[in-house]
Amino acid sequence: MKIGLFFGSFNPIHIGHLIIANTMATTTDLEQVWFVVSPQNPFKKTKSLLHEFDRLDMVERAIADNSRLKATNIEFSMPKPSYTIDTLTRLSEKYPQHTFRLIMGEDNLEQFANWKNYDKILEYYGLYVYQRPRVIESPFKTHANVRIVEAPLLDISATFIRESIRANRSIRYMVPEVVEEMIERKKFYV
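Below is a summary of the structure that appears in this document. Computed from a predicted model, the values in this text were never measured in an experiment. (Residues numbered from 1 in each chain as written. Predicted model: local features only at pLDDT ≥ 70, side-chain atom pairs only at ≥ 80, totals over all residues. Heavy atoms only, no water.)

## Quick look at the overall build of the protein
Then comes step 1: Secondary structure assignment for the protein yields 6 helices and 6 strands.
Then comes step 2: The secondary structure elements of the protein, listed N-terminal to C-terminal, are β-α-β-α-β-α-β-α-β-β-α-α.
Then comes step 3: Dimensions of the protein, computed from the C-alpha atoms along their principal axes, are close to 45 × 35 × 30 Å.
Then comes step 4: Across the 190 residues that make up the protein, the buried fraction comes to 47%.
Then comes step 5: A fraction of 68% describes how many contacts in the protein between residues 6 or more apart in sequence connect residues 24 or more apart.
Then comes step 6: Positive and negative side-chain charges of the protein, numbering 25 and 23 respectively, have mean locations separated by a distance of 4 Å. (Helix = DSSP H or I, 4+ residues; strand = E, 2+ residues; numbered from the N terminus. Buried < 20%, exposed > 50% of the residue type's maximum accessible area, 1.4 Å probe, protein only. Contact = heavy atoms within 4.5 Å. Lys, Arg positive; Asp, Glu negative; His and termini not counted. Charge placed at Lys NZ, Arg CZ, Asp CG, Glu CD.)

So, in structure tokens, the structure goes:
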């Protein structure tokens, strides 16, 4: 099976994430998209990061009705911070019957050369890149193992959602209803 890996903090998962994952699963040759919930992104601060199991739970609830989307906690048992190449290697060892592709936003191409073993990611896995607003051109866009995928441009962020919660503003329609209920019930991000 050809599987797209969508890495992120998902703090919280929102409709932008879900639309991208569904678009990748339904308009490309990817048979499934797996959400790789990252315990700690090496490029992000962890101050407002919910516990990894809470974020995994929100992802699982958000995608429960879509058999093409899965969630994985593969990075939870790996050294932190986890690097994409290490996770790709671990998944390939654990699931040798699958081929994996990395899903990323076009905005990440700008810094991609700074990633650990970025050349190996390109060579052995390849990228499925969705467009993002306000992007600087990148030489990676024309690489043979980079596929640009047309997807809806949604300028929504988990940061905006967290700030809305702290300001007591509605997050309705920005996150799935089950995620909104969980955030309210557990008083996340307040």
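## Details of the packing of aromatic side chains
Then comes step 1: Counted by the stated rule, this structure contains 12 aromatic pairs.
Then comes step 2: Each ring, one from F6 and one from F35, has its centre 5.6 Å from the other, and the planes form 35°; the classification is tilted. Remark: F35 occurs in strand β2 (residues 32-37) and F6 occurs in strand β1 (residues 2-8); sequence separation between them is 29 residues.
Then comes step 3: Each residue in the set F6, F10, F35 and Y130 is aromatic and connected to the rest through ring pairs, giving one cluster. (Phe/Tyr/Trp six-rings, centres within 6.5 Å; stacked < 30°, edge-to-face > 60°.)

## Thoughts on the pairing of strand β5 (residues 127-130)
Every other side chain in a regular strand lies on the same face of the sheet, so the side chains alternate between the two faces.
Then comes step 1: Going residue by residue along β5, you find L127 and V129 tucked away on one face and Y128 and Y130 tucked away on the opposite face as well.
Then comes step 2: Here 4 bridges tie strand β4 (residues 99-105) to β5, and the two strands are oriented parallel to one another. Bridge pairing in β5 places L102 opposite L127.
Then comes step 3: With respect to chirality, the unit in which β4 leads through helix α4 (residues 118-124) into the neighbouring parallel β5 is right-handed.
Then comes step 4: As judged from the 4 bridges shared by β5 and strand β6 (residues 146-149), these two strands associate in the parallel manner. Within β6, the position partnered with V129 by the bridge is I148. (Pairing = 2+ DSSP bridges. Right-handed = clockwise from strand over helix to strand, strands pointing away.)

## Structural notes on the sheet that holds strand β3 (residues 69-72)
Then comes step 1: Taken together, the 6 strands give an open sheet; going across it, the order is β3-β2-β1-β4-β5-β6, and neighbouring strands pair in parallel fashion. Sheet topology places β3 and β6 at the edges, where each strand pairs with a single neighbour. Across the sheet, the mean angle separating the axes of adjacent strands is 30° when strand polarity is ignored.
Then comes step 2: Sitting on the sheet, helix α1 (residues 15-27) is in contact with β1, β2, β3, β4, β5 and β6, with an inclination near 145° to β2.
Then comes step 3: Most of the contacts of helix α2 (residues 52-63) go to β3, to which it runs at about 170°, and overall it touches β2 and β3. (Axes fitted to C-alpha atoms, helices over the stretch in contact; angles between N-to-C directions.)

## Looking at the pattern of salt bridges
Then comes step 1: Here the structure, examined in full by the defined rule, presents 7 salt bridges.
Then comes step 2: A salt bridge links D86 to K116; the shortest N-O distance between them is 3.1 Å. Here the residue D86 occupies a position in helix α3 (residues 84-94), and K116 occupies one in the loop between β4 and α4, the gap between them amounting to 30 residues.
Then comes step 3: Overlapping salt bridges bring together K2, D29 and R147 as one network. (Salt bridge = Lys/Arg side-chain N within 4 Å of Asp/Glu carboxyl O.)

## Points about the environment of T72
Then comes step 1: By the element assignment, T72 lies in strand β3.
Then comes step 2: On the basis of relative accessibility, which here comes to 11%, the residue T72 falls in the buried class.
Then comes step 3: As a C-alpha pair, T72 and W34 span 38 residues in sequence and 6.6 Å in three-dimensional space.
Then comes step 4: If we ignore the near neighbours within four places in the chain, the residues touching T72 are F35, V36, V37 and L56.

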